[in-house]
Amino acid sequence: MMEDRSKPDGSSRIAFAFGPLAAGVLGVMALVVALVTGMGKSDGAGGATVAANAEPKTVEVSLAEFAVTPAKIQVPAGTDLTIHVMNMGTMAHDLAVEGGEPRVPMLNPGEMADLHVGVVSKTTQAWCTVPGHKQLGMVLTIEVGGSSGTEVAAAAPTGTDQAVAPGGATIDPNGKPGPDWKPFDPTLQPAPGGTEHKVELHATEVQKEVAPGVTQEVWTFNGQSPGPTLRGKVGDVFTVTLYNDGKFGHSIDFHASQTNMDQDMRTIQPGESLVYQFRAEYSGIWMYHCGTAPILHHIGNGMFGAVIIDPPDLAPVDHEYLFVQSDMYFGPNGQPGDLTKMMTAQPDAVVFNGYYNQYKFAPITGIQPGERVRIWVLDAGPSDISSFHIVGTIFDTVYKEGAYLLQRGNALSGGSQALDLMPAQGGFVELQFAKPGMYVMVTHRFADASRGGLGVFQIG
Ligand SMILES: [Cu+2]
């Protein structure tokens, strides 16, 4: 043991170092033995009152991705229960009894703490409060019953039966964006000069309006979703410093790079930083995203963005835009998205650049008929597809996943009506608007257009 951080309220958190062998042994101990031991009558812990005749017991449980082991403990009514909690996982976890208290602090891998539940009189639950971890199965049932105090060997939790309350925030169908809302500027800036790009990204969780009447805790890079766009040319070197300014572990995965995931893409805890350097070897529009488990939750909550590496000899155009499509699964207002919904891939909203019907509320203007327009599209998912189309136009140039499907001026080329993208795919289209007036852009997967995947170009 390296350190004993006893706290005045009687709870303690102990950090200990152990090698892989010891970790394995401890893990097996936690799984197989799951100790139930009688301990001293009064441990002086704060919280619940200890009845004079309460039988004290200490039960050992371990936390890992994504389970509490054992998943169920059984104690006789009236037991003065203490849970010895060990984090045997590779991420930070905690454990809080239903209602939020009592709880143990966030434990880093290898740390342990005692959770004094107090006298238990009815069946209750405790779970890890890191968003998404409960839904993935990190729930402990404390069952009151029997008289022996024996532990029930628990089956592995499935996760899917630990559904959160149904529902979540709902969009006001006749609503408008709130007074503080600002549309996400879809204008794409040209690549900055030079061949080396230094970028700072800060992982943060922020409150953000994402639809009329819906504010979510959006997980972001630099407070925005999609995150900042990085742009350069083949051969350029990007040196990205990722700072974790958030509450939870986060990481970053650049699809534009080729590297090992255990180093550059490792999860860093709040307060930590890492440097991720890569040389762009291929052109294209590349997704980047947080890769911390559960990845579905981190992407679904907004942690994605685009890296654009211009193809050689990219022709100049009059206007260039970027639309990142993503699917959203609302939690209650002010909360992160609902991981259980994400696992069913039935979104509440499908959005361009992070807001429901964003460019219907704030149409894109400033384009004249006949001007060349290039539109980059990235499907960030996490799960939905895209069929990008602009009503009343034909694309004369289409570039998808590193290759031109069509190129203007090629006498053998026809035209294109939609750019189809799977999650994590991207490309661009080029077009000219024929006449002044209104042109609607959609994902032609119309169920998604009706869920917010729609915008307007006001031409002329
Ligand atoms: Cu993350």
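Criteria and thresholds
- Residues numbered from 1 in each chain as written.
- Predicted model: local features only at pLDDT ≥ 70, side-chain atom pairs only at ≥ 80, totals over all residues.
- Heavy atoms only, no water.
- pLDDT = per-residue confidence, 0-100.
- Contact = heavy atoms within 4.5 Å.
- Helix = DSSP H or I, 4+ residues; strand = E, 2+ residues; numbered from the N terminus.
- Polar contact = N/O pair within 3.5 Å; in protein donor to acceptor, adjacent residues only side chain to side chain.
- Pairing = 2+ DSSP bridges.
- Axes fitted to C-alpha atoms, helices over the stretch in contact; angles between N-to-C directions.
- Phe/Tyr/Trp six-rings, centres within 6.5 Å; stacked < 30°, edge-to-face > 60°.
- Buried < 20%, exposed > 50% of the residue type's maximum accessible area, 1.4 Å probe, protein only.
- Lys NZ or Arg CZ within 6 Å of the ring centre and 35° of its normal.

To continue, consider the confidence of the model for the chain. In the predicted model, the chain carries a mean pLDDT of 86, and 84% of its residues have values of at least 70. Throughout residues 147-165 the model reports pLDDT below 50, and contacts reaching past four residues in sequence, or to other chains, amount to 36 contacts.

Once that is clear, we can look at the environment of Ser 257. Within the secondary structure, Ser 257 sits in the loop between β17 (253-254) and β18 (273-279). Separated by 31 residues in the primary sequence, Ser 257 and Tyr 288 have C-alpha atoms spaced 9.6 Å apart. One polar contact links the side chain of Ser 257 to the main-chain carbonyl oxygen of Phe 254, over a distance of 2.9 Å.

This part takes up the sheet that holds strand β16 (residues 237-244). Strand order in this open sheet of four strands is β14-β13-β16-β18, and the pairing throughout is mixed. Whereas interior strands pair on both sides, the edge strands pair on one side only; in this sheet they are β14 (214-221) and β18. Pairwise comparison of adjacent strand axes, ignoring direction, gives a mean angle of 25 degrees for this sheet. Relative to β16, strand β13 (residues 196-211) runs parallel, the two being bridged by eight bridges. Bridged to His 197 within β16 is Phe 238.

In total, this model carries 24 aromatic pairs according to the counting rule given. Centre to centre, the rings of Phe 221 and Tyr 288 are 5.5 Å apart; their planes meet at 65 degrees, and the pair counts as edge-to-face. Here Tyr 288 lies in strand β19 (residues 284-289) and Phe 221 lies in strand β14, a separation of 67 residues in the sequence. Residue Phe 221 shares its accessibility class with Tyr 288, and that shared class is buried. On the numbers, 5.2 Å between centres and 10 degrees between planes, the contact of Phe 238 with Phe 278 is stacked. Residue Phe 238 is located in strand β16, and its partner Phe 278 is located in strand β18; the two are separated by 40 residues in the primary sequence. Here the aromatic cluster, defined as three or more aromatic residues joined through ring pairs, consists of Tyr 321, Phe 323, Phe 352, Tyr 359, Phe 388, Phe 395, Phe 433, Tyr 439 and Phe 457. Stacked on the ring of Trp 127, the Lys or Arg Lys 134 has its end atom at 3.8 Å from the ring centre. Over the ring of Phe 428 we find Arg 374; its NZ or CZ atom is 5.1 Å from the centre of that ring.

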